[in-house]
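Listed below, chain by chain, are the residues.
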Amino acid sequence: MEDLSTVAEDLAPTGTLRAAINLGNPVLAHGSPGEPGGVTVDLAREVAVRLDVPVEFVCFDAARKSFEALVSGAADLGFLAIEPARAAQVAFTGPYVVIEGVFVVPDSSPFTSPADVDRAGVRIGVKQGSAYDLFLTRTLQHATVVRGEDGVVAFEEQGLEVAAGIRQPMTAYAAAHPGTRVITERFMQIQQAVGTTPDRRPETVEFLRALVEELKANGFVAGSLRRANQPDATVAPPSA
């Protein structure tokens, strides 16, 4: 095995790799804090194996909490969408998987495309601090973002015009809630990447970036997604 002791000391200074896992995104992780699974868990385990250190999973129910754990030093490794609002505080790898953000609306809604949604008076429920919260906050011209612990709960409880979320759980939500439908066209493509803090040594960040590219190319990421029953998630293409 390549000598990665310097990288291990830098990335896991406590001797254990602490990986922040977002159980609130079913494409990326599932299970319980005591027994998580999914592609992010598999990736964290592989990083730990390569560095010959134990791994500890620090689990959360939202991306913003994973982000906060990473930047506060409570976690060494995170799995987050690449977003400009996070770039100053996170050193990202290239994306390992691409997922889609979509809107759910009542059946009676006149909206048929994402472009229809961005108009005055339209309120969109989002999960606070999610990739789609950050994206919509940055890009909407007229509609209003309504943040909550869960976008569909805000949508229901406040009678909002639109809910935003990840395609897979939003499709399941609409199927389970007659009177709602998914706007098929995505409003964003979410690039999920591995991240650590930018104060790491350059070789540490390069190790993570190279490993992600290797695991995309050799089928590791695709196999993990299949095992997690996430066949609709797309392995990201090679990064330049």
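Please refer to the structure higher up on the page.
*Asks:* Can you lay out the packing of helix α2 (residues 39-51) against helix α9 (residues 202-217) for me, pointing to particular residues and giving the numbers?
*Replies:* Helix-helix packing: each pair is described by the crossing angle between the helix axes and the interaxial distance. Between α2 and α9, the least distance of the axes is 11 Å, while the angle of their chain directions is 120°. As the angle between them shows, α2 and α9 are arranged oblique. For the crossing formed where α2 meets α9, the hand is right-handed. Contacts between α2 and α9 pair Leu43, Glu46, Val47, Arg50 and Leu51 from the former with Phe207, Leu208, Leu211, Glu214 and Leu215 from the latter.

*Asks:* Go over unusual backbone geometry, please, and point to the residues and values.
*Replies:* Even without a glycine there, the phi angle at Asp52 is positive, about 60°. You can see Asp52 is positioned in the loop between α2 and β4 (55-60). Although it is not a glycine, Asn229 adopts a positive phi angle of roughly 60°. Given a relative accessible area of 62%, Asn229 falls into the exposed group.

*Asks:* Before we move on, could you go through the pattern of salt bridges and cite the residues and values that matter?
*Replies:* Under the defined criterion, the tally for this structure stands at 15 salt bridges. Between Glu46 and Arg50 there is a salt bridge, and its shortest N-O distance comes to 2.8 Å. Within this pair, Glu46 and its partner Arg50 are both found in helix α2, separated by 4 residues, close to a single helical turn. Since its relative accessible area comes to 18%, Glu46 is described here as buried. The salt bridge involving Glu213 is made with Lys216; its shortest N-O contact spans 3.0 Å. Remark: Lys216 and Glu213 occur in helix α9; sequence separation between them is 3 residues, near one turn of the helix. With relative accessibility at 10%, the residue Lys216 sits in the buried group. Among the charged side chains, a salt-bridge network with shared partners connects Asp61, Arg64, Lys65 and Glu149.

*Asks:* Any chance you could break down the pairing of strand β10 (residues 180-196) for me, citing the residues and the numbers?
*Replies:* Sheet topology note: the strand β5 (residues 78-81)/β10 ladder contains 4 bridges and is antiparallel. Looking across to β10, one finds that Leu80 is bridged to Ala193. Pairing analysis gives 12 bridges linking strand β6 (residues 91-106) to β10, with the strands arranged antiparallel. Across the sheet, Ile99 pairs through a bridge with Ile190, a residue of β10.

*Asks:* I'd like a description of empty space enclosed by the protein, backed by residues and values.
*Replies:* Under the definition given, this model contains 1 cavity of 30 Å³ or more. Here the largest cavity is characterised by a volume of approximately 40 Å³. Leu43, Val47, Val194, Leu208, Leu211, Val212 and Leu215 together form the lining of the largest cavity. Of the residues that constitute the lining of the largest cavity, the class distribution is 7 nonpolar, no polar and no charged.

Conventions we followed
- Residues numbered from 1 in each chain as written.
- Predicted model: local features only at pLDDT ≥ 70, side-chain atom pairs only at ≥ 80, totals over all residues.
- Heavy atoms only, no water.
- Axes fitted to C-alpha atoms, helices over the stretch in contact; angles between N-to-C directions.
- Helix = DSSP H or I, 4+ residues; strand = E, 2+ residues; numbered from the N terminus.
- Parallel < 35°, antiparallel > 145°, perpendicular 65-115°, else oblique.
- Left-handed = near helix turned anticlockwise from the far one by under 90°.
- Contact = heavy atoms within 4.5 Å.
- Buried < 20%, exposed > 50% of the residue type's maximum accessible area, 1.4 Å probe, protein only.
- Salt bridge = Lys/Arg side-chain N within 4 Å of Asp/Glu carboxyl O.
- Pairing = 2+ DSSP bridges.
- 1 Å grid on protein atoms, 1.4 Å probe; cavity = no way out; pocket = protein on both sides within 12 Å on 5 of 7 lines; lining within 4 Å.
- Points joined across faces, edges and corners; volume = space filled by probe spheres on them.
- Nonpolar A, V, L, I, M, F, W, Y, C, P; charged D, E, K, R; others polar.

In short, the description is geometric, and any link to function would need to be established separately.
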